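Observations on the three-dimensional arrangement
Here is how the chains run, residue by residue.
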Amino acid sequence: MTDPIRPTPEQLAAARNTTIPDVVAPGLRVLFCGINPGLWSGATGHHFARPGNRFWPALHRSGFTPRRLRPDEQQELPALGLGITNVVARTTAKADELTAEEYRQGSAALVERVERLHPHALAVLGIGAYRTGFSRPRARIGHQEERIGDTEVWVLPNPSGLNAHYTLDGLAAEFRALREALPPTD
């Protein structure tokens, strides 16, 4: 694994309130949805780019990818039937900088994106973002009863290194539960 590009403090400051492009395609198996990009992601242009983020290791350990991808290899995901988007597009240092209204507006835009792209499953990575954005205060981690059109909805733990509730093995187990629930690929 090569060392990630370390943004300078100036690059991190300049990344505040910017956006990065989604990694999407029509008909994905899973569209993973982060809360919002962090400053490191904004500075590099890659999702889940901060070295302490456990998205990429969990994705591999759960069997979604044949090897551990780096954030700068995110464009390989659509060929594997996977994509990445966010509930809220703007970058912040921490998710607690977002307002409830941003979550609600972001969730409405996410529903439109899902209706346009038709992934088999949407995996929202963060229970708080899902509860607030979709007005589901009692939602739990795992498969949700509601659907968006034909798309299944899952809520998985936030892979941020700040989420101490889940170990990497615990995250990978939740990701694996989603993978194993998907129909087999041809």
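Report on the accompanying structure. (Residues numbered from 1 in each chain as written. Predicted model: local features only at pLDDT ≥ 70, side-chain atom pairs only at ≥ 80, totals over all residues. Heavy atoms only, no water.)

**Comments concerning the sheet that holds strand E1 (residues 30-34)**
- What the five strands build is an open sheet, ordered E2-E1-E3-E5-E4; its pairing is mixed. With partners counted over all chains shown, the strands left at the sheet margins are strand E2 (82-86) and strand E4 (142-148), one partner each. The mean angle between the axes of side-by-side strands here comes to 25°, regardless of whether they run parallel or antiparallel.
- Here E4 pairs with strand E5 (residues 151-156) via four bridges, running antiparallel. Residue His143 lies in a different strand from E5, and its bridge partner there is Trp154.
- Relative to E5, helix H6 (residues 168-181) is tilted by about 165°, and along the sheet it contacts E1, strand E3 (121-125) and E5. (Pairing = 2+ DSSP bridges. Helix = DSSP H or I, 4+ residues; strand = E, 2+ residues; numbered from the N terminus. Axes fitted to C-alpha atoms, helices over the stretch in contact; angles between N-to-C directions. Contact = heavy atoms within 4.5 Å.)

**A short note on the packing of aromatic side chains**
- Tallied over the full model, the rule gives seven aromatic pairs.
- Judged by centre distance (5.5 Å) and plane angle (80°), the rings of Phe32 and Phe55 are edge-to-face. Linking Phe32 in strand E1 with Phe55 in helix H3 (residues 55-61), this pair joins segments that are 23 residues apart in sequence. Note on accessibility: Phe32 and Phe55 belong to one class, buried.
- Judged by relative accessible area, which is 0%, Phe32 ranks as buried.
- Among the aromatic residues, ring-to-ring pairing joins Phe32, Phe48, Phe55, Trp56, Phe64 and Phe175 into one connected group. (Phe/Tyr/Trp six-rings, centres within 6.5 Å; stacked < 30°, edge-to-face > 60°. Buried < 20%, exposed > 50% of the residue type's maximum accessible area, 1.4 Å probe, protein only.)

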